[in-house]
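Structure assessment
If you want the building blocks of each chain, they are given just below.
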Amino acid sequence: NRNLQTFTTDLATTERLLPWIPDDHFVVTESGITCRADVVRLQQAGARGFLVGESLMREQDIGAKLRELQGPANALCALPTSIGQLRQLRVVGDA
């Protein structure tokens, strides 16, 4: 989601790329995820994993921020259940 030339982030990058990725791939989105609404938006678009860094590092209470991002069900993402799924891992985000 981060443009590496301007360093701006845009969650729509993941949304634009997801239709091009086969459904059997485990999609991880990264950069620009700052709140639970971002996680929900990207989950609804089809992302299954989330790489969050900067928004956690800016917090005094990283644990509280992580709990906020996870939401009440603690279901940030579904983890791969086999080596085959891990091999299919594709990262969507940084352009």
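Right, let's walk through the structure included here. Just so you know, the residues in each chain are numbered from 1, in the order the chain's sequence is written. Reporting of local features is limited, given that this is a predicted model, to residues whose pLDDT is at least 70; pairs of side-chain atoms are given and counted only at 80 or more, and all residues count toward the totals for whole chains, interfaces and linings. The basis for the side-chain values is all heavy atoms of the structure; hydrogens and waters are excluded.

Overview of the pattern of salt bridges
Salt bridges, as used here, are contacts in which a Lys or Arg side-chain nitrogen is within 4 Å of a carboxyl oxygen on Asp or Glu. All told, the structure shown has five salt bridges when counted by the stated rule. Residue glutamate 54 pairs with arginine 2 through a salt bridge whose shortest N-O separation is 3.4 Å. Of this pair, glutamate 54 sits in helix H3 (residues 54–57) while arginine 2 sits in the segment before helix H1 (12–17); the two residues are 52 residues apart in sequence, bridging distant segments of the chain. With relative accessibility at 40%, the residue glutamate 54 sits in the partly exposed group. Here glutamate 68 and lysine 65 are joined by a salt bridge, their closest N and O atoms 3.2 Å apart. In this pair, glutamate 68 and lysine 65 are both assigned in helix H4 (residues 62–70), three residues apart and thus about one turn of the helix distant. By relative accessible area, lysine 65 is classed as buried at 9%. Beyond isolated ion pairs, a larger network of salt bridges with shared partners links Arg2, Glu54 and Arg58. Note on conventions: DSSP H or I runs of at least 4 residues are helices, E runs of at least 2 residues are strands, and numbering of each starts at the N terminus. Only protein chains enter the area calculation, which uses a 1.4 Å probe; residues under 20% of their type maximum are buried, those over 50% are exposed, and those in between are partly exposed.

Nothing here speaks to function; it is geometry throughout.
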